[in-house]
Amino acid sequence: MPVANELSRPVIPAARRLFHVTLAVPMFIMALSIPPAGAAEPPLLSEEEFLAELPVVLTASRLAQPQAEAPAAVTVIDRQMIDASGARNLSEVFRMVPGFQVGFENGHRHVVGYHGLADEFSRRLQVLIDGRSVYLPSFGGVSWSDLPLALDDIERIEVIRGPNAVTYGANSFLAIINITTRHSAADRGGFVRATAGSNGIRDGVLRMASGNGDVSYRLTTGYQQDNGYGQRNDSRRITFMNGRMDARPGERDDIELQFGYNEGPRGRGYAGSLENYPHDQEITSRFQQIRWRHRLDSGDEVAAQFYYNHHESDEQVLSLPIPALGGFQVPINYDIRSERYDAEVQHTVGLGESLRLVWGAGARLDLVEWPGFLGSTEPLDNRYYRLFASIEWRATPRLVLNAGAMAENSAITGSDLSPRLAVNYQFMPGHTLRAGVSSATRQPVIIEEKGNARFCLNATCSLFDQSFYSSGNLVPERILANELGYLGRLAPTLTLDLRLFRDHVTRLITGFDGFYDDSLPDNEATDFRNRDKAMITGSELQLHWQPERNSRVILGYANVRIESNDLDAVYSESAPRNSVSLLGLHELGDGLLASAAFYYQDEMRFVDEHPIGVLRRLDLRLAQRFHLVDAQGEAAVVLQNVLGKQVSYNEEDSIADRAGFLTINFRFR
Amino acid sequence: MKAVLLTGRKNRHGARRVRAGAMVCALRRLIALTAFAAVFVSWPAAAATEVLVVVAQQSPAYEEALAALRARLANVPDKVLALRVMTAEEFSDSGPRTTDRILPGLVVTLGTDAAATVLQYKLPIPTYCTFLPQAAYAVLANAAGRERAHLSALYLDQPFIRQLRLIRLALPERSRVGMVLGPDSRKNERELRRTAAVARIVLRVEQVSDEKQLVGALHRVLDDTDVLLAVPDALVFNRRTAQSVLLTTYRLGKPVAGYSRAYVTAGALFAVYSTPSQIGRQIGEELLAMQHKADRSLPAAGYPRYFSVEVNERVAHSLGIEPGRADDLARQLAGNVTEDSP
């Protein structure tokens, strides 16, 4: 497919600005125009309250599937686990999920991968925040430091281990991280957190939430800074703000509006480099989102959402004088701007007591402006459409069948179909077996399909170096995942989740150094091809014991084996053979909570990186809750990496040392 | 036995309309007082006591309760009670003046409106208010002032301890109960806390003063509790708010212990409640018991003796909860003998 035909400017800037204004203004007008509560003479309580018929609110089509009937393995990370883990960054909590690897390439580029296959841009995970995909269309993956989100805003995280394109859309490839933020009515009043620690850690969060009746809203603003690994120029200063408003304009409708903004400098570059010397990149990341849910008379539901993501990295540097070029200073433009517009509608239909259908459609427009790496000063775009339908059929009270398919069409890769089928059988009360087969695609990101990174000596571009040159014509990667699962309640306080998997990944898009031009000092440029395949097999276990509300032990284990036709074992060694996570938390009494998280993983290496040896990591946290006048407070001390230096991403310069911080928060009405 | 069932025009708001007409009211009260004071001395001498049953209006629920009441009285060989049924409107319009021959020895009201109507007249006749929420009775009894000696009630709602016991039985791992109290229900807060402590339940309470605060309060109270116990409140938990309550709690993954069968059908996980016929049966028993007492005094105000349990299996399944079968829960709950305190 000719690349040039895809170039266009489909949305004029003025229209985009108008859109931003139109979404933000009514949100706050609505938030501020809450009518005062009226006082009325209370009527006497009538017996009718006990006798009157009520419409069925939780109809068959509104009831969610219990985990035992879900077509995939799910790990839930709740607020208590997030707190107990001692995580200061969202990316860190995924260490608790069986099969996940978390590495910090530098202080602000965090890599979260599942079952390997991840380089510094882990492109094979879908990450959704309140239904909004935060996957970057430019280089792929998620820029975890750039999300305008405080850990304190998160209600829970569900990690779906395995592909599920039907429910979660494109790129729901190896796994899906589904983050739900707290409802704005949940935190009325104020919340403030201050954190300080080693290595320049200075964080603050301020949140105000208010509302009345059918409208509630929340505004969170925060600051986060640290020095990264310390010895490198990888510090970050993050300023962010987010807002959420929930409204119920009528009995049948729910509307949710959100926006977020994150900006600040991130340190980049290396001492000694001529063109990538220590400097800052300026990040601006923002989004707006609206979600609407409408309940129909029939008990069915229609939902629609629209969101806009914007991610921008400003980074233009002039190289230091390059001796080989007679002291010439090469201008280098690393600027990237990516945008995503996404709309989706979904209809949930109850077809009798035992059958439910969910179907819908979505459309997406991605725009990426990346002059230094795409060889174009104009934004490149990709249009993408999807149709999906799935049914849940409870054939008998013990046998549930989930079947579905997603059809997608991308302007770059054409059409694809991703079906899914799973059967869950409850062979004893509290014990369920699951067998499933699911497929999904990963769409190539723009750098893979259209990379063209040229470094010029002058305005007419006498070529000095060509670092990327994509031959294009990529097709989506495909995964065919087979799994057998068991979910059991071994005792009232003990649950076990077991999974055996066999994922066949084909048409893996691999970056490699291809021949470009002999006349250049470096005659190779990175190209991308659907070159490799991998067979990922193994097992996962998750054991959850909760003898008391504030006493829990959560054990995770994964065994992963990757076989691939790769060169230099880039994929086959990209996941540890064995990995263990163990989280324990216990309330010692009088509001004193202790928790410890231990992680072990066998040797591995991220794609195209140096090996990471055996990893043993221990994080400890001790927290005391207290009351201060009208405020509830909690002070906690967290020690990370207690066992000492650990290679986090690569052994050269991504080595995490011991760190500690003190964090204190107050919640007040 | 004399059982006259009068059919009257439907008037749902009978009682409130009466309250509005203050002048008419005062006049009627005067007439009524005069008429009833004259015959009061005859109580409890009459051989067959006439019981005047006042219902707000005709409805299947009252019919069901009345049928159960009659059935209970019919089983008794010496028919010492004669039932006479009229609507609250008929009572207001004609009751006190036109009661012919025998005047009632006892008034039994069914429902809040009937009780409100009858109690307005401050008649010096024993009045047994049944089939009404405890909160409504508390207000009415308070307003009745010095006539309270002749007043008692059989509530329609369940004793708090019974509701907590059901939660204990059905959800043994969930010992933290959240409640949102409104103007009606908050009056009992101290009592609720005491009872919860007895049942070793951690109770978290949010108070709200109007419907608009409900969703926020639900989020806060469910933040660190395992189940929401809904108690009816004219302003907060009611038919209008049921949808908000059920949707909000379900999205938070928390079950609701409701207070009526309808609430369970709508989406609450379970409820303990008394059916109209269970109430009717108990009214019958209380009336008979009165007849056997020397002073024929009214029973103490109390909660229903008979009750049912309903479980929403679909909601339980979706939340991954196994509360047990409704029949078993009801049987186990009835097996608890020490639950007379509210």
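Bear in mind that the values here come from a model prediction, so they are computed numbers and not experimental data.

> I'd like a description of the sheet that holds strand β10 (residues 256–258) of chain B, backed by residues and values.
Residues and elements named next belong to chain B. Strand order in the open sheet formed by six strands is β8-β7-β9-β10-β11-β12, with mixed pairing between adjacent strands. Edge positions in the open sheet fall to β8 (202–207) and β12 (308–311), since each of these has one partner strand only. When the angles between neighbouring strand axes are averaged without regard to direction, this sheet yields 25°. Two strands pair when backbone bridges link them, and strand β7 (residues 176–181) and strand β9 (residues 227–229) are joined in this way by two bridges, in the parallel orientation. Along β9, the bridge assignment pairs valine 177 with valine 227. Its contacts with the sheet place helix α15 (residues 326–335) against β11 (270–273) and β12, and it is angled at close to 145° to β12.

> Go over the interface of chain A and chain B, please, and point to the residues and values.
The interface is formed by 46 residues belonging to chain A together with 63 residues belonging to chain B. Here chain A meets chain B over a buried area of about 4900 Å², counting both sides, of which 56% is carbon and sulfur. Of all residues in chain A, Leu44, Leu45 and Phe50 of chain A bury the most surface against chain B, accounting for 16% of the area lost on that side. For the interface between chain A and chain B, the tally reads eight salt bridges. Among the ionic pairs, glutamate 353 of chain A bridges to arginine 314 of chain B, the shortest N-O distance being 3.6 Å. On the surface where chain A and chain B come into contact, there are 19 residue pairs in polar contact (both at pLDDT 80 or more). Elements represented by at least two residues in the side of chain A that touches chain B include exactly α2 (48–51) and β13 (279–295) of chain A. A breakdown of the residues in the side of chain A that touches chain B according to their chemical character gives 20 nonpolar, seven polar and 19 charged.

> Can you lay out the sheet that holds strand β4 (residues 125–129) of chain A for me, pointing to particular residues and giving the numbers?
All names here are of chain A. Spatially, β1-β6-β7-β4-β5 is the arrangement adopted by the five strands of the open sheet, whose pairing is mixed. Single-partner strands in this sheet number two, and they are β1 (73–78) and β5 (132–133). Judged from the six bridges that link them, β1 and strand β6 (residues 154–161) form a sheet pairing that is antiparallel. Bridge pairing in β6 links aspartate 78 to arginine 156.

> So, a negative patch on the surface: which residues are in play, and what are the values?
A cluster of acidic residues, Asp513, Asp522, Glu524, Asp568 and Asp608 of chain A, forms a negative patch at the surface. Following the sequence through the fold, aspartate 513 of chain A ends up in strand β26 (residues 494–515).

> So what's going on with the pattern of salt bridges? Which residues, and what values?
Under the definition given, this model contains 77 salt bridges over all chains. In this structure, aspartate 226 of chain B engages arginine 549 of chain A in a salt bridge whose closest nitrogen and oxygen atoms are separated by 2.8 Å. In this pair, aspartate 226 of chain B sits in the loop between α10 (214–222) and β9 while arginine 549 of chain A sits in the loop between β27 (524–548) and β28 (551–564), so the two residues belong to two different chains. Given the relative accessible area of 13%, aspartate 226 of chain B is considered buried. You can call arginine 549 of chain A partly exposed: its relative accessible area is 29%. Arginine 625 of chain A is paired through a salt bridge with glutamate 634 of chain A; the nearest N and O atoms lie 3.2 Å apart. Members of the salt-bridge network, linked through shared partners, are Asp153, Glu155, Arg182, Asp187, Arg207 and Arg667 of chain A together with Asp223 of chain B.

> Which residues make up the packing of α10 of chain B against helix α11 (residues 242–251) of chain B, and what values go with them?
Residue and element names in this part refer to chain B. For the pair α10 and α11, interaxial distance at closest approach is 10 Å and the crossing angle is 35°. Of the two elements, α10 crosses α11, and the hand of that crossing is right-handed. For the pair formed by α10 and α11, the contact residues are Leu214, Val215, Leu218, His219 and Leu222 on the first element and Ser244, Val245, Thr248 and Thr249 on the second. Broken down by class, the residue content of the contact of α10 with α11 amounts to five nonpolar, four polar and no charged.

> Give a description of the environment of phenylalanine 100 of chain A that names residues and reports values.
Within the secondary structure, phenylalanine 100 of chain A sits in strand β2 (residues 100–104). In contact with phenylalanine 100 of chain A, not counting residues within four places along its chain, are Phe94, Val112, Gly113, Tyr114, Leu125, Val159, Ala175 and Ile177 of chain A.

> Describe the confidence of the model for chain A, and please don't skip the residues or the numbers.
Residues and elements named next belong to chain A. On average, residues of chain A score 90 in pLDDT, and 94% of them reach the 70 mark or higher. Residue range residues 1–12 is modelled with pLDDT below 50. Its contacts to residues more than four positions away, or to other chains, number 21 contacts. Every residue in residues 28–40 is under pLDDT 50, and counting partners more than four places away or in other chains gives 14 contacts.

Rules behind the numbers
- Residues numbered from 1 in each chain as written.
- Chains lettered and ligands numbered in written order.
- Predicted model: local features only at pLDDT ≥ 70, side-chain atom pairs only at ≥ 80, totals over all residues.
- Heavy atoms only, no water.
- Pairing = 2+ DSSP bridges.
- Helix = DSSP H or I, 4+ residues; strand = E, 2+ residues; numbered from the N terminus.
- Axes fitted to C-alpha atoms, helices over the stretch in contact; angles between N-to-C directions.
- Contact = heavy atoms within 4.5 Å.
- Buried area = accessible area lost by both parts, 1.4 Å probe.
- Salt bridge = Lys/Arg side-chain N within 4 Å of Asp/Glu carboxyl O.
- Polar contact = N/O pair within 3.5 Å; in protein donor to acceptor, adjacent residues only side chain to side chain.
- Nonpolar A, V, L, I, M, F, W, Y, C, P; charged D, E, K, R; others polar.
- Patch = residues over 30% accessible without salt bridge, like charges linked within 9 Å, V, L, I, M, F, W, Y side chains within 5 Å.
- Areas by Shrake-Rupley, 256 points an atom, 1.4 Å probe, with all protein chains shown as cover.
- Lys, Arg positive; Asp, Glu negative; His and termini not counted.
- Charge placed at Lys NZ, Arg CZ, Asp CG, Glu CD.
- Buried < 20%, exposed > 50% of the residue type's maximum accessible area, 1.4 Å probe, protein only.
- Left-handed = near helix turned anticlockwise from the far one by under 90°.
- pLDDT = per-residue confidence, 0-100.

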